[in-house]
Each structure stands twice: as C-alpha cells, then as structure tokens.
Amino acid sequence: MKAVQGVLEQVFAIHVDASQLPYYGFARRNWKIDSQKTLNTGGGDLVVDTQVTGAGGIDKLDEGNLVFRKAVALAGNHDIRAGGMVSSVATGNAFGTGSIALSGTGNLKFLPDDAVPTAVSLSVASRSRLHKDGAQLSFSGGNSIELRRGANPSLSVKIGGNSGNEVVNLVESGPAPTLVIKADDLGGTENLLVEGSGGNLPALTNGIVSANIVGSSGDAQDGHFLTYPASAEDNGGFRYATAFTGDINSAAASQVYQAISDQTLTGAASVYALSIGDGLTVHDAGQTLSVGSGTSAAGIILNGGSLSAGTLAWGAAQAAIYTNAAGGTIDAALAGSGGLVKFGPGELALRAPSPGLSGSTFVNSGTLALSAASALGGASNTLTLLPGSGLRVDTGGTVAGTTVANGYSTIDLNGGTLGAVDIQSASGPSGPIQGATLRGQGTVTGNVVLNGYLAGDPNSGAGTLTFDGLVKAEAGSAFIWSLPVLVDNSTGTAGSNWNQLVFTNPSATFGSSSQYVALFFNFGKGLDPNSGNAFWKTDHAWTLFTFSGQASAKGLVYVYFPSEDFPQGHFSVEYAGNSSVLHYSYTGGATSN
C-alpha cells in the first residue's frame, strides 16, 4: 500500500502597499463574545491584547494557554478542561465575573506584569446575586492555580461571588478532584482568598482544608497541607497548616503529622494526615498506620520520603497522595475501600501487594509506578490516567482491573502485566487529536480498546507487547514501529532489536477492513531510507505481528502507511505462517507503489 502524503495545493500572498496603511496605525477594537465560544490553542499560546467583553463564556478543551493582558469583562461561565487561562493584569476581574469549572488538567495562572511594580489585586468568578447563587470556582480533575507576583510587592486573588455565609465559593466535584495552589510565599506576599465568611469558605477538619487541596512551593514543588481562617476579620487566605513533628507513636488521631526525622512505629498508630520529607522513612515495622478519619479524604504528602513494611490504612475514604518532584515510595500493604488519587509532579512507587485494597485509583498528575502483584487490589478496581500522567508497571507488577488511559497519558510496561486496557484519545471539535500511548514490553491479559498508540520501549525502541485478549482498533489508532539500528530478520531479533506485537487469542485480529491501523516509522537518527545508507539498497524483512494462537496471519492485519514515501524503495506487509512481516523493497529510485 502506497504511503499517504500531504500535498500543499495553493499558496496566497497578500501585499498591502505602505501608502494604504493608516497614518496613525491600526486601532485595536474590543473583542465581544456574547455566546459560549470554544477557544483551543493547539498546544500553543493565544495572547489576547485587547479588551474582551460580552455576555458569553469560553470553553477550552486542549493544551496550551489563553493569555489575557487586559482585565476581562465577560459575564458568562468558563469551562476549562485542559491547558490554562492566564492573566497578566494587576487589577479587576482577571477572567470575567462568571463561574469557572476546572476539569481534566485545566488550570488558572496569575502572572502579573511587573515592569512597573504594584500591589496586584484580582477577582475571579465574582458575580453576585443578592448574596445567593453567585458565581463559583469548581474543580473536578488534576487542576491547579498558580500565583507568581514577580517583582510586584504583593499578589492577591479572591474567588467567588457568594457572600451570604450560605453558599460555598470553592467547590470540589467529581470522583477524584485535586487542586494544587502553586506559590512560593502563600499566605504572605502571594494570597489566594475566598469571598465571604462561614459557609462561603473552605471547611476545616482538624485544622486543615480538604486533603485534596494542597500548596506547592520551590523548585521541587514541595507539598504542604493547608488551613484557612474561619472568620472574615482574619481572612488572609490559604496558608500552610501547622503539624506535630515529634515521635509518631505519640501523635493523636486528630493531628496532622510531619516526619522531620526517621520514625519507627512501636505499635498501631493513627494520624489525621501524614507528610514525610526528603530522604526520610517512616517504618511500620509490621504495624498498621492509619491515616484520616475514614469519612473524608486521607491526606498523604511524600516530599521525597517513604513508608515501609506493615500496612497503611485509610478506611472507607479516598486517599489523596501527593508527591513532589523527588517522588515517594510506599513499601507497605494498602488497605482501604475508597480507592486513591495520586497527584503532584513526582513518581509514587507502590512496592507491596495490596489484595485488600478496593475502590478506584486515579492518576491526576505525575507517574504511578507498580512493582508488586495486585498492587492496586483486585480485578473490580479500575485505574484511570488523566492527560499528561503516567503509569509504569515493572517486572512482577500487575494491574488486575481495567486501566483507562486518557489522551496524552502514557503506560510504560517494563516487564509487568495489565488486565483490560482502554487507550483513549483526546478529542477536538473535528475528532481525535492526541491518543494515549501503551509502550514497552509486557503482557495485557484482557481486551484492549485502541484509540491511541502502541509503541516500543522509549529508550531502546524494542520490546514485545503480548496480548492475551482481543484488540479493537478505533479511529486514531496507530502502531509506532522503531528501528534504532539497521538490522532485519536475518541479522537481528524481533523484540530485541525492534518492537513487535504478539497475539495469543485464537480470535485475535489487528485492525479491520473498516478501520485500518496507522503504521508509523521511528528510525534511529540519520538511519531512515532517505539517509543514503547502503543498508537501504537491498531488500529487507522484519517480523512485526505474530498470531501464536493461529496457523496463519493472512487476513488478520489491516494497516496503512501514513508516513512519507521513500524514493529508494517502499514498504508493504506480507505473511509468513502465523506472522505478519514488514517488507522493504529496494527500487533503485524507481517510482514506488
């Protein structure tokens, strides 16, 4: 099958003579938005220098940022599912007065211009209706709010339009909401406040707000539990909570505990929230450490720290586990029925079997690394990766339940085993725009829905992915074949020198007559067929797909080549017994087919 090429049909050039330009230049006009408008940036930034006004709101669905350099006078609501809305102004409504719903990986950034330093004071979601049903800011995914004052003396942002002590202004929604407030001087020169008092403000339990909301500071993005003043008279915004730092065996179940030195439990212990610093370890020594109240999210922050042996339990609630850039390790059995959500930039390594764990797992940001069987409990427990997050399953590690990988996320199989997998794609107005990726080497025991990519090990390009179930290819699915060194079936080995797929189910196919799978090439640097290397002046063959449960691979593979055509030769897929073989035919520069 001939490779598919993009063709530029026409190019237009428009020239405006200088004599036709206005003497005083072009005057910018306000941008009026009177209805809901979808503004996607394709992963880049859209900088808006003009005033934005109107009754409408903005839906943002993809990565990249909308950067507003003037206060926004929109009255409608905003839905931010990916990327960010950024304000560089010093005063007024940063994004208008309507409600803001953050979901997926949506975020807000306040990066005021500091060319002329000033005290920055901004509002978001400030619409008020007789002290009831005003605007709110909600979060339901792996969301963040960033405050960076720069050279300005202070930066203050106030959230919400409800001020009647009845309706909350900052709302958690969804199965695993997390919010990271990024600031290096939170509660000092950088403040995030909430409008109103009492019922308008974040609720406190044992001195901290929900464990799903944490502060982040410094280059390592260290995590901090947060508190909030209970009265309007002392409304200084979110600030770091105090913690008990003594012997963990003396901690009370209602206390926030912070390990500032290595700790060893001498018996069962309970704390309300747990933080472990860089290089420090809390040793369970065969004991059980309980975190949380069992009814609200159990907060665990690992700023490079670790928890080893014994059992970490959190009852019926969900565990909210934050890791900074240095990551963290839990080498203890997990016990709880509310599942867990992992967030923060670093890796969370789970190294012990947890057959008693139940509930769903969510990876909102960073990477979850598993190296034990049943590390996340049984087959009824689902695992969901949000865009940009990662899962690594090392040798000996297993995920028994279904893994759902949203677009832009990555699953690395490093010798591990997965159950069923749903490899999804992020979607734009016209269809799929970026799929999730399953790559490396290991085994998938369940069925696979493929809307994204299958690929080799990110370092070597090689590896064998073995599928014991069926693979259903959907729109946007692709196999990325890597050839990092110039060898073929006669001089190299599939799985060791390039990546391959092995299907063990007698009913397995790869693609269908109505849904072909794209086959992309990933050659080593300077080694593609256009490089002039003598290797490409002869014919070659590589085994890509093997159907070990069937006698013949003929009619089981449906792929096409969207990559560029190569003047020296062309590629095709043929069959040899139960294997599908990629052939390269040297044409000596003749027209390929």
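Conventions we followed
- Residues numbered from 1 in each chain as written.
- Predicted model: local features only at pLDDT ≥ 70, side-chain atom pairs only at ≥ 80, totals over all residues.
- Heavy atoms only, no water.
- Helix = DSSP H or I, 4+ residues; strand = E, 2+ residues; numbered from the N terminus.
- Rg over C-alpha atoms; globule rule 2.2 N^0.38 Å.
- Buried < 20%, exposed > 50% of the residue type's maximum accessible area, 1.4 Å probe, protein only.
- Contact = heavy atoms within 4.5 Å.
- Lys, Arg positive; Asp, Glu negative; His and termini not counted.
- Charge placed at Lys NZ, Arg CZ, Asp CG, Glu CD.
- Pairing = 2+ DSSP bridges.
- Axes fitted to C-alpha atoms, helices over the stretch in contact; angles between N-to-C directions.
- Patch = residues over 30% accessible without salt bridge, like charges linked within 9 Å, V, L, I, M, F, W, Y side chains within 5 Å.
- Areas by Shrake-Rupley, 256 points an atom, 1.4 Å probe, with all protein chains shown as cover.
- Salt bridge = Lys/Arg side-chain N within 4 Å of Asp/Glu carboxyl O.
- Phe/Tyr/Trp six-rings, centres within 6.5 Å; stacked < 30°, edge-to-face > 60°.
- Core = buried A, V, L, I, M, F, W, Y, C linked by side-chain atoms within 4.5 Å.

Trainee: Can you walk me through the overall build of the protein in this structure?
Mentor: For the protein, the count of helices and strands is 0 helices and 56 strands. Taking 25 Å as the expected radius of gyration for a compact globule of 593 residues, we find that the protein reaches 27 Å, a close match to that expectation. When the backbone C-alpha atoms are referred to their principal axes, the protein occupies close to 85 × 80 × 35 Å. Among the 593 residues that make up the protein, the fraction classed as buried is 51%. A separation threshold of at least 6 residues defines the contact pool for the protein, and within that pool the share at least 24 residues apart is 50%. Averaged over its 26 positive side-chain charges, the protein has a centre that lies 8 Å from the centre of its 41 negative ones.

Trainee: Before we go on, may I ask you to explain the environment of Val89 in this structure?
Mentor: For Val89, the position within the fold is in the loop between β9 (84-87) and β10 (91-93). Between the C-alpha atoms of Val89 and Leu111, which are 22 residues apart in sequence, the distance is 7.8 Å.

Trainee: Which parts of the structure should I look at to understand the sheet that holds strand β16 (residues 154-159)?
Mentor: Strand order in the open sheet formed by 4 strands is β10-β13-β16-β19, with parallel pairing between adjacent strands. The open sheet terminates on both sides in strands that have one partner only, identified here as β10 and β19 (190-194). With strand direction ignored, the average angle separating the axes of adjacent strands in the sheet is 10°. Where β10 meets strand β13 (residues 119-124), 3 bridges bridge the pair, whose relative direction is parallel. Bridge assignment links Thr91 to a residue of β13, and that residue is Ser121.

Trainee: Sorry if this is basic, but what is going on with the sheet that holds strand β7 (residues 72-74) here?
Mentor: Each strand in a sheet pairs with another by means of backbone hydrogen bonds, the pair being arranged parallel or else antiparallel. Here we have 3 strands laid out as an open sheet, ordered β1-β4-β7, and parallel in their pairing. A strand with exactly one partner marks an edge of an open sheet, and here the two such strands are β1 (31-32) and β7. Note that strand β4 (residues 52-54) and β7 share 3 bridges and pair parallel. The partner of Thr53 across the bridge, within β7, is Ala73.

Trainee: How should the pairing of strand β12 (residues 107-110) be read in this particular structure?
Mentor: The two faces of the sheet receive side chains in turn, since in a regular strand these alternate between them. Pairing of β9 with β12 involves 4 bridges; the strand directions are parallel. Counted as the bridge partner of Val86 is Lys109 from β12.

Trainee: Can you help me understand the environment of Leu289 in this one?
Mentor: Structurally, Leu289 can be placed in strand β28 (residues 288-291). Of the residues examined, Leu289 reaches a relative accessible area of 0% and is grouped as buried. In the structure, Leu289 is positioned 21 residues away from Ala268 in sequence and 5.9 Å away in space, judged by C-alpha atoms. If we skip the residues at most four places from it in the chain, Leu289 touches Ile248, Leu265, Ala269, Leu274, Val282, Asp284, Leu307, Thr311, Leu312 and Ala313.

Trainee: What's the story with unusual backbone geometry in this structure? I'm lost.
Mentor: Most of the time, phi is negative for any residue but glycine, and the peptide bond is trans. For Asn165, which is not glycine, the phi torsion reads 65° and is therefore positive. Tracing the sequence through the fold places Asn165 in the loop between β16 and β17 (170-172). Even without a glycine there, the phi angle at Ser374 is positive, about 50°. Relative to the helices and strands, Ser374 is located in the loop between β36 (367-370) and β37 (383-385).

Trainee: Sorry, what's going on with the side chain of Ser88 here?
Mentor: Tracing the backbone through its elements, the reader meets Ser88 in the loop between β9 and β10. The contact partners of Ser88, leaving out residues within four places of it in the chain, are Phe68, Arg69, Leu111, Pro112 and Asp113.

Trainee: So what exactly am I meant to see when it comes to a nonpolar patch on the surface here?
Mentor: Together, Ile14, Val16, Leu21 and Phe26 make up a nonpolar patch on the protein surface, roughly 490 Å² of accessible area in all. You can see Ile14 is positioned in the segment before β1. Of the residues examined, Ile14 reaches a relative accessible area of 80% and is grouped as exposed.

Trainee: Help me understand the packing of aromatic side chains, please; the structure alone is not making it clear to me.
Mentor: Aromatic ring pairs are described here by two measures, namely the spacing of the ring centres and the angle between the planes. For the structure on display, the rule yields 28 aromatic pairs. Through a chain of ring-to-ring contacts, the aromatic side chains of Trp481, Phe521, Phe523, Phe535, Trp536, Trp542, Phe561, Phe566, Phe571 and Tyr584 assemble into a single cluster.

Trainee: Before we go on, may I ask you to explain the pattern of salt bridges in this structure?
Mentor: Pairing is possible between side chains that carry opposite charge, provided their charged atoms lie close to one another. All chains considered together, the criterion is met by 11 salt bridges. The residue Glu146 makes a salt bridge to Arg148 at a minimum N-O spacing of 3.1 Å. Among the residues examined, Glu146 registers a relative accessible area of 17% and is labelled buried. In this structure, Arg392 and Asp394 form a salt bridge, with 2.9 Å as the shortest nitrogen-oxygen distance. Classification of Arg392 by relative accessible area gives partly exposed; the value is 25%. Among the charged side chains, a salt-bridge network with shared partners connects Glu146, Arg148 and Asp184.

Trainee: Mind showing me how you'd approach the nonpolar core here?
Mentor: Across soluble globular proteins, nonpolar side chains have a tendency to be buried as a group. If you look at the biggest cluster of nonpolar residues, it comprises 84 residues, and the most contacted ones within it are Trp481, Phe510, Trp542 and Phe545. Core analysis: the next-biggest nonpolar cluster, separate from the first, contains 42 residues, Val89, Val124, Phe139 and Ile181 among them.

Trainee: Just checking my understanding: could you explain the environment of Phe95 for this structure?
Mentor: In this structure, Phe95 sits in the loop between β10 and β11 (100-102). We classify Phe95 as buried; its relative accessible area is 1%. Residues Phe95 and Met85, 10 residues apart in the sequence, show an inter-C-alpha distance of 7.9 Å. Dropping the residues within four chain positions of it, Phe95 is found in contact with Phe68, Val72, His78, Met85, Val86, Ser87, Ile100, Leu108, Lys109, Phe110 and Val124.

Trainee: I keep staring at the pairing of strand β6 (residues 65-68) and nothing clicks. Help me out?
Mentor: Here β6 shows two buried faces, one formed by Asn65 and Val67 and the other by Leu66 and Phe68. Two strands pair when backbone bridges link them, and strand β3 (residues 45-48) and β6 are joined in this way by 4 bridges, in the parallel orientation. Counted as the bridge partner of Leu46 is Leu66 from β6. As defined by bridge partners, β6 adjoins β9 across 4 bridges and the pair is classed as parallel. Note that in β9 the partner of Leu66 across the bridge is Met85.

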